[in-house]
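Below, each chain spelled out in residue letters.
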Amino acid sequence: MSKLCIRGGERLNGDVIINGAKNAAVAILPATILVDGISVIENLPNINDVSILNETMCSLGAVTKFIDTHTLEVDASTVYNHNALDECVSKMRASYYLLGALLGRFKYAEVAMPGGCDFGGRPIDQHIKGFKALGADVEVIDNVIKVSAKRLIGTRIYLDVVSVGATINIMLAAVLAEGTTVIENSAKEPHIVDVANYLNMMGAEIKGAGTDVIRIKGVEKLHGGKYTIVPDQIEAGTFMIAAAITGGDVCVKNIIPEHMDSLSSKFREMGIEVIEGDDYLRVIAPINFKATTVKTLPYPGFPTDLQPQMAVLLTVANGVSTMIEGVFENRFQYIEELKPTGAKIHIEGNRAIIEGVESLKSSHLIATDLRAGAAMIIAGLRATGGETVIHNVKYIDRGYETVETKLSALGANIYRK
Ligand code: UD1
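A. Structural context of the sheet that holds strand 13 (residues 213-217). The strand order across the open sheet built from four strands is 10-11-13-12, with neighbouring strands paired in mixed fashion. The sheet terminates laterally at strand 10 (156-158) and strand 12 (205-207), the two strands that pair on one side only. Across the sheet, the mean angle from the axis of one strand to that of its neighbour is 15 degrees, orientation sign disregarded. Note: strand 10 against strand 11 (residues 180-184), three bridges, orientation parallel. Counterpart to Ile157 in the pairing with strand 11 is Ile183.

Right, here's the structure in full:
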């Protein structure tokens, strides 16, 4: 199994190009099931989660073809299989979108219970509540979710928790339903807007994506077309934090700067300079920056998917920082794994109290999930006294395309073995 090895202490310098958003891609691929025609998806990140979903789409009967590394043509008109029960489906969070898409088009689906990173309980009761409100029967038997409906009829659905997955899933189920569906208290993440933009380009009538009330007027069918996926907010943030921890000067390109506002404003509070352009942010960091308090929240709040990376940055800030996890019940498992670096962190419920230290020590670190893996890389970039070796790189490959190549181009001493 491959490992990433890093000799830290190099100041990152230069430009990095950000890929298409993982969390948009893993929703748009299932969404192509709703389209009566060919979808050409551009700016698709070349990551393992996309490969797995592509294989799953083919196992359902879709015909897919890579035009180039980042462009996939999907013809889902040939889908005949409505059951996604494979082991790889149950390892992925985003496989839950197959439920909404298959239900929307065929009024029937059986999908293995979704897996994904372990942040404590990750219920899908709000997805189920939405499907039921549209008229579907939902059964969960032996870790398989079965949804079926005679008709899907638009209605008002109030989400009890702001959920990215439930918002998108209900949107998928409602696009071809009869009448209008209103999702209240919906999530507002950039990838929700991106999925709505894709569906609208194919003929859907969705209004309000990006606000907390989304209105979906059902249409009879969707047509094919071409769509370019939005840049990845989390990959961009990861590189901004990587630049900052090395006291670097890095231009993060091909992004939507507004998506990064919660991180950019935190950086400025900490004394890290951020210069904004039309489609880039340049981070110019001193080696010493101030401690701060961060609380993760649904968008436009600070993203929980940048929590581990930001926590590592705070381990070398001047003073005591607090990181509050406001989205998931248990997203601090990785903190234990950081111990060998000499980071001083202790957990009090949903808070991590982080006492800044002068330096981090190189060591063997184990990635416990995707973003925790990114956080281990960030620790390795700063750590000195030998080589940092990161294990379980498979998690990182789920969501980051050629991460070591991009970091090497910025001057990091990193390689895979
Ligand atoms: C998605 C993202 C993940 C990100 C998260 C929050 C994908 C594939 N994954 O995950 O990277 O960390 O959004 O931005 O896009 N909840 C319920 N009931 C539900 C659904 C959610 O109680 O039916 C709770 C969750 O336990 C959590 C909170 O709502 O506490 C937010 O979860 P949600 O936004 O649904 O996250 P995911 O869709 O799983």
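What follows picks up the thread again.
B. Looking closely at the packing of helix 8 (residues 233-245) against helix 9 (residues 261-270). The N-to-C vectors of helix 8 and helix 9 enclose an angle of 15 degrees; their axes lie 10 Å apart at closest approach. Here helix 9 runs roughly parallel to helix 8, going by the angle between their axes. Judged by the sense of rotation from one axis to the other, the crossing of helix 8 with helix 9 is right-handed. For the pair formed by helix 8 and helix 9, the contact residues are Gly237, Met240, Ile241 and Ala244 on the first element and Leu263, Ser264 and Phe267 on the second. Residues that form the contact of helix 8 with helix 9 fall into these classes: five nonpolar, two polar and no charged.

C. Focus on the packing of aromatic side chains. With the rule as written, the count across this model stands at two aromatic pairs. Judged by centre distance (4.6 Å) and plane angle (70 degrees), the ring pair of Tyr96 and Tyr97 falls under edge-to-face. In this pair, the class of Tyr96 matches that of Tyr97, namely buried. Taking the centre distance of 5.8 Å and the plane angle of 70 degrees together, the rings of Tyr198 and Tyr227 count as edge-to-face. Taken together, the residues span a long stretch of sequence, with Tyr198 in helix 7 (residues 190-201) and Tyr227 in strand 14 (residues 222-228) at a distance of 29 residues. As far as the burial class goes, Tyr198 and Tyr227 line up, both buried. One residue, Lys394, lies across the ring of Tyr395, its end atom 5.1 Å from the ring centre.

D. Highlighting the sheet that holds strand 16 (residues 273-276). What the four strands build is an open sheet, ordered 2-15-17-16; its pairing is mixed. The two strands at the open ends of the sheet, each matched to only one other strand, are strand 2 (13-17) and strand 16. Averaged over neighbouring strand pairs, the angle between their axes works out to 15 degrees when direction is ignored. Relative to strand 17 (residues 280-284), strand 16 runs antiparallel, the two being bridged by four bridges. Bridge pairing links Glu273 to Ile284 in strand 17. Docked against the sheet, helix 9 engages strand 16 and strand 17, running at close to 140 degrees with respect to strand 16.

Criteria and thresholds
- Residues numbered from 1 in each chain as written.
- Predicted model: local features only at pLDDT ≥ 70, side-chain atom pairs only at ≥ 80, totals over all residues.
- Heavy atoms only, no water.
- Pairing = 2+ DSSP bridges.
- Helix = DSSP H or I, 4+ residues; strand = E, 2+ residues; numbered from the N terminus.
- Axes fitted to C-alpha atoms, helices over the stretch in contact; angles between N-to-C directions.
- Parallel < 35°, antiparallel > 145°, perpendicular 65-115°, else oblique.
- Left-handed = near helix turned anticlockwise from the far one by under 90°.
- Contact = heavy atoms within 4.5 Å.
- Nonpolar A, V, L, I, M, F, W, Y, C, P; charged D, E, K, R; others polar.
- Phe/Tyr/Trp six-rings, centres within 6.5 Å; stacked < 30°, edge-to-face > 60°.
- Buried < 20%, exposed > 50% of the residue type's maximum accessible area, 1.4 Å probe, protein only.
- Lys NZ or Arg CZ within 6 Å of the ring centre and 35° of its normal.

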